[in-house]
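A closer look at the structure
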Amino acid sequence: GGRGGRYAASNYQVVEVLAGGAAAVLEWKLETGRTHQIRVHSQHLGHPIIGDETYGGVGKGAVFQIARHTGAAHVSLVRQAIAAIARPALHAKTLGFTHPATGEELFFSSDI
């Protein structure tokens, strides 16, 4: 589907709802491993990753989407929080793949 890109499949579940429903912590499980897959799929769902300049998670849209649920008085605080992150708010807790040369299954984990 989409604009001629390669097939990519992602599954996700909400772990925690934040900011009155304007944001959430999600757990993603990928069936494929395409470049920027989670970022692209989040944008396609209309909920880009906070702090993601490339896929729409910064700027007025992101700030007001969150502030709309938390109250107009929080616009400045939300803007500061997004700027402080200074990168997409995306963390790989577990990453696994097959080594291309040895065929060994490799897995790595890192808590936030």
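The following refers to the structure shown. This one's a predicted model, so the numbers in the text were calculated from it and none came from an experiment.

What about the side chain of Thr32?
Following the sequence through the fold, Thr32 ends up in the loop between β2 (23–30) and α1 (37–44). On the basis of relative accessible area, Thr32 is assigned to the buried category, the value being 16%. From its side chain, Thr32 meets the backbone nitrogen of Ala9 in a polar contact 3.0 Å long. Setting aside anything within four residues of it in sequence, one finds Thr32 in contact with Tyr7, Ala8, Ala9 and Gln37.

Examining the pairing of strand β1 (residues 10–18)
Here β1 runs beside β2; their pairing, made up of 8 bridges, is antiparallel. When the sheet's bridge partners are listed, Ser10 is paired in β2 with Leu30. Here β1 folds back onto β2, and the loop between the two strands holds 4 residues, one of which, Ala19, carries a positive phi near 50°.

What to know about unusual backbone geometry
A positive phi angle is found at Ala19, which is not glycine, with a value near 50°. Examined against the element boundaries, Ala19 turns out to sit in the loop between β1 and β2. For Ala19, a relative accessible area of 26% corresponds to the partly exposed category. We note that Ala86 has phi near 60°; this positive angle belongs to a residue other than glycine. For Ala86, the position within the fold is in the loop between α3 (75–85) and β3 (94–98).

Digging into the packing of helix α2 (residues 59–70) against α3
Closest axis-to-axis distance for the α2/α3 pair is 9 Å, and the angle between their directions is 135°. On the basis of their axis angle, the class for α2 and α3 is oblique. The interaxial crossing formed by α2 with α3 has right-handed handedness. Residues Ala62, Val63, Phe64, Ile66, Ala67 and Thr70 of α2 form the contact with α3, whose participating residues are Val75, Val78, Arg79 and Ile82.

Here's the deal with the nonpolar core
Counting 8 residues, the largest nonpolar core is built from Ala22, Ala62, Val63, Ile66, Ala67, Val75, Val78 and Ile82. Among the secondary structure elements, those contributing two or more residues to this core are α2 and α3. Looking at this core element by element, the count peaks at 4 residues for α2. Beyond its immediate chain neighbours, meaning those up to four positions away, Val63 contacts Val75, Val78, Arg79 and Ile82.

Conventions and cut-offs
- Residue numbering note: each chain is counted from 1, following its sequence as written.
- Totals for whole chains, interfaces and linings use all residues, but because this is a predicted model, local features are given only for residues with pLDDT of at least 70 and pairs of side-chain atoms are given and counted only at 80 or more.
- Heavy atoms throughout the structure, all of them, feed into the side-chain values; hydrogens and water do not.
- In this text, helices come from DSSP runs of H or I with a minimum length of four residues, and strands from runs of E with a minimum of two, each type numbered from the N-terminal end.
- Burial classification: accessible surface area is computed with a 1.4 Å probe over protein chains only, and a residue below 20% of its type maximum counts as buried, one above 50% as exposed, and the rest as partly exposed.
- Here a polar contact is taken to be a pair of N or O atoms separated by no more than 3.5 Å, where protein atoms must pair a possible hydrogen donor with a possible acceptor and residues adjacent in sequence count only if both atoms sit in side chains.
- Any two residues having at least one pair of non-hydrogen atoms within 4.5 Å are treated as being in contact.
- Strand pairing requires that DSSP identify at least two bridges connecting the strands.
- For helices, the fitted axis covers only the stretch in contact; all axes are lines through C-alpha atoms, and the angles between them, taken along N-to-C directions, range from 0 to 180 degrees.
- For classification, angles of less than 35 degrees are called roughly parallel, those exceeding 145 degrees roughly antiparallel, those between 65 and 115 degrees roughly perpendicular, and all remaining angles oblique.
- Each helix crossing is assigned a hand: it is left-handed if the near helix lies turned anticlockwise from the far helix by less than a right angle, otherwise right-handed if that turn is clockwise.
- What makes a nonpolar core is a set of buried Ala, Val, Leu, Ile, Met, Phe, Trp, Tyr and Cys residues whose side-chain atoms join them at distances within 4.5 Å.

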